[in-house]
Amino acid sequence: MFNKNLKLIIAGLIIAFSVYQMIEGNIGNGIFLILLSLIFIFLYFRNEIILLAFLKMRKQDLAGTKTWLDKIKNPEGALTVKQQGYYNYLHGIIFSQTNLTQAEKYFKKALKLGLTMDYDLAMAKLSLAGISMQKRRKREATMLLNEAKKLDKNNMLTDQIKMMQQQLKKI
């Protein structure tokens, strides 16, 4: 895994060399090098380790997800701000199974850094609402549930939101 700035420097050097190749008359080499540089530009915006962690998460392999996330030693140096949000979001999901206090910290940090997809924002707020309910903070849980309901445009979390609202009435 490369630092985020190093990826851009490598892409810039490859593009410069591709221009040199095109000037020398090697058009095919230049085109290939430009395509090669696009890989580094793509990996700047979509970190390879986070992509692999999401693949493990899709298979419900939380231990494998944690293993991939642990490979990122310095999240601030290696990830853009949105990627740091997803890094914390994945950590929040992992710790929501074992340590609710730590999961709450990660979810709040993910929301502060920002998540791109509305579904991910809704899921993070729903998880925070569940943590707040378990800690007997009814007002905060109600507010978070309402925000999650607004963000859930595809109605994928409707059942979970209704179930949590029923549980909230019992508190």
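Residues numbered from 1 in each chain as written. Predicted model: local features only at pLDDT ≥ 70, side-chain atom pairs only at ≥ 80, totals over all residues. Heavy atoms only, no water.

Draft legend 1. Summary view of the pattern of salt bridges. If you walk through the whole model with that rule in mind, you get nine salt bridges. Measuring nitrogen to oxygen at the nearest pair gives 2.5 Å for the salt bridge that ties E104 to R137. One end of the pair, E104, is in helix α7 (residues 100-113); the other, R137, is in the loop between α8 (118-134) and α9 (138-151), and 33 residues separate them in sequence. With relative accessibility at 7%, the residue E104 sits in the buried group. Exposure remark for R137: the relative accessible area of 30% places this residue in the partly exposed category. Among the salt bridges present, the one from E140 reaches R137, with a minimum N-O distance of 3.0 Å. When its relative accessible area of 23% is taken as the criterion, E140 is described as partly exposed. Salt bridges sharing partners connect three or more residues here, namely E104, K108, K135, R137 and E140. (Salt bridge = Lys/Arg side-chain N within 4 Å of Asp/Glu carboxyl O. Helix = DSSP H or I, 4+ residues; strand = E, 2+ residues; numbered from the N terminus. Buried < 20%, exposed > 50% of the residue type's maximum accessible area, 1.4 Å probe, protein only.)

Draft legend 2. Main features of the side chain of T65. Note on placement: T65 falls in helix α4 (residues 62-70). Accessibility expressed as a relative area gives 0% for T65, which makes it buried. Each residue touching T65, except ones within four places of it in the same chain, is listed here: A53, K56, M57 and I94. (Contact = heavy atoms within 4.5 Å.)

Draft legend 3. Local environment of helix α2 (residues 27-45). Taking 1.5 Å of rise per residue, 19 residues should cover 27 Å, and α2 covers 28 Å from first to last C-alpha, within 8% of that figure. Among the residues of α2, those classed as buried are G30, L33, S37, F40, L43 and Y44. For α2, the angular spread of buried residues about the axis comes to 130°, placing them on one side. Residues of α2 that are exposed and point more than 90 degrees away from the buried face comprise G28, F32 and F45. Buried residues in α2 make contact with α1 (4-23), α3 (48-58) and α6 (81-95). (Expected span 1.5 Å × (residues − 1). Arc of directions from axis to C-beta.)

Draft legend 4. View of unusual backbone geometry. Although it is not a glycine, Q60 adopts a positive phi angle of roughly 65°. Mapped onto the fold, Q60 is located in the loop between α3 and α4. Positive phi is not limited to glycine here, since N155 has a value of about 55°. As for its placement among the helices and strands, N155 is situated in the loop between α9 and α10 (158-170).

Draft legend 5. The packing of α1 against α2, seen in detail. At a minimum axis separation of 8 Å, α1 and α2 run at an interaxial angle of 170°. The angle between α1 and α2 falls in the class roughly antiparallel. Counted together, K4, K7, L8, I10, A11, I14, I15, F17, S18, Q21 and M22 of α1 and I27, N29, G30, I31, L33, I34, L36, S37, F40, I41, L43 and Y44 of α2 form the full contact between these two elements. When grouped by side-chain class, the residues that make up the contact of α1 with α2 number 16 nonpolar, five polar and two charged. (Axes fitted to C-alpha atoms, helices over the stretch in contact; angles between N-to-C directions. Parallel < 35°, antiparallel > 145°, perpendicular 65-115°, else oblique. Nonpolar A, V, L, I, M, F, W, Y, C, P; charged D, E, K, R; others polar.)

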